Amino acid sequence: MLSLSANELLDVWDRGQGRPQTERVLLLLEAVCREADRGEIARWSIGRCDGLLLTLRERLFGIPIQSVMACPLCGERLELDFTTTDIRAAAPEAPLLSVSLDGYEAAIRLPDTSDLWAAGAAGDVAAIARRLLRSCVVRAEYEAEVVKCEDLPDTVVAE
């Protein structure tokens, strides 16, 4: 992973203006991970992308993060100081998650950037959730019979 010069960072900034957040993420990662193309990067897990973005942030601006904002309810000024180490998470051990409930078995992969990009175009929150579910359910069965992910009961989906 490369770092970015000031000019390269400004170029990515300019190209990302007015584009969706997922596309801006892809632009940044393309600029620093030149060995991978956009399609490959879009299939990386969200955790991998976030980890690389956090590393880029450390290289450009350092480990400390200082945040200031106004409370949306009362207008009180809020300050928060932490480090990138405080928020960095370890990658999950298994690429697939499994759910077993009430005779249902489902294997689910973690969403990637392309899933988020496609789901974001779905409209409301419920449609986005359905799109993500369809994208990420690798296998679903009820009592050893294959079922469509759309046929999973709400209790299994919630789990």
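Treat the numbers as computed from the prediction; the structure is a model and nothing was measured.

Glancing now at the side chain of Glu 23. Take Glu 23: it is sitting in helix H2 (residues 21-32). At a separation of 3.0 Å, a polar atom in the side chain of Glu 23 contacts the side chain of Arg 19. Excluding residues that lie within four positions of it along the chain, Glu 23 makes contacts with Arg 38 and Trp 117.

So, about the pattern of salt bridges. Counted under the stated rule, the structure contains 10 salt bridges. The residue Glu 23 makes a salt bridge to Arg 19 at a minimum N-O spacing of 3.0 Å. Among the ionic pairs, Arg 38 bridges to Glu 23, the shortest N-O distance being 3.9 Å. In this pair, Arg 38 sits in helix H3 (residues 38-42) while Glu 23 sits in helix H2, placing the two residues 15 residues apart along the sequence. On the basis of relative accessibility, which here comes to 24%, the residue Arg 38 falls in the partly exposed class. Residue classification places Glu 23 among the buried positions, given a relative accessible area of 14%. Each of Arg 19, Glu 23, Glu 30 and Arg 38 takes part in a single network of salt bridges with overlapping partners.

It is worth spelling out the nonpolar core at this point. Among the nonpolar cores identified, the biggest contains 17 residues, and Leu 4, Leu 29, Val 32, Cys 33, Ile 41, Trp 44 and Leu 52 are the most heavily contacted of them. Looking at this core, the elements that each hand over two or more residues are H2, H3 and helix H4 (46-61). Sort the elements by how many residues they give to this core and H2 lands first, with 6 residues. The contacts of Ile 41, once residues within four sequence positions are left out, are Leu 26, Leu 29, Glu 30, Cys 33, Ala 36, Cys 49 and Thr 113. Within the second largest apolar cluster, 8 residues are counted, among which are Val 137, Ala 140, Leu 152 and Val 156.

The next subject is the packing of aromatic side chains. Going through the model one piece at a time under the given rule, you end up with 1 aromatic pair. Here Tyr 104 and Tyr 142 contribute two aromatic rings whose centre-to-centre distance is 4.4 Å and whose plane-to-plane angle is 40°, an arrangement assigned as tilted. Taken together, the residues Tyr 104 in strand E4 (residues 104-109) and Tyr 142 in strand E5 (residues 137-142) connect sequence positions 38 residues apart. Residue Tyr 104 is classed as buried on the basis of its relative accessible area of 16%. Across the ring face of Trp 44, the terminal group of Arg 48 is positioned such that the distance to the ring centre comes to 3.8 Å.

With that settled, the discussion passes to the sheet that holds strand E3 (residues 96-101). The strand order across the open sheet built from 4 strands is E3-E4-E5-E6, with neighbouring strands paired in antiparallel fashion. Of all the strands in the sheet, just E3 and strand E6 (145-146) have a single pairing partner and so form its edges. Helix H7 (residues 125-136) rests against E4 and E5 of the sheet, and its axis sits at about 85° to E5.

Each value, and the rule that gives it
Residues numbered from 1 in each chain as written. Predicted model: local features only at pLDDT ≥ 70, side-chain atom pairs only at ≥ 80, totals over all residues. Heavy atoms only, no water. Helix = DSSP H or I, 4+ residues; strand = E, 2+ residues; numbered from the N terminus. Polar contact = N/O pair within 3.5 Å; in protein donor to acceptor, adjacent residues only side chain to side chain. Contact = heavy atoms within 4.5 Å. Salt bridge = Lys/Arg side-chain N within 4 Å of Asp/Glu carboxyl O. Buried < 20%, exposed > 50% of the residue type's maximum accessible area, 1.4 Å probe, protein only. Core = buried A, V, L, I, M, F, W, Y, C linked by side-chain atoms within 4.5 Å. Phe/Tyr/Trp six-rings, centres within 6.5 Å; stacked < 30°, edge-to-face > 60°. Lys NZ or Arg CZ within 6 Å of the ring centre and 35° of its normal. Pairing = 2+ DSSP bridges. Axes fitted to C-alpha atoms, helices over the stretch in contact; angles between N-to-C directions.

No statement about biological role is implied by the geometric values presented.
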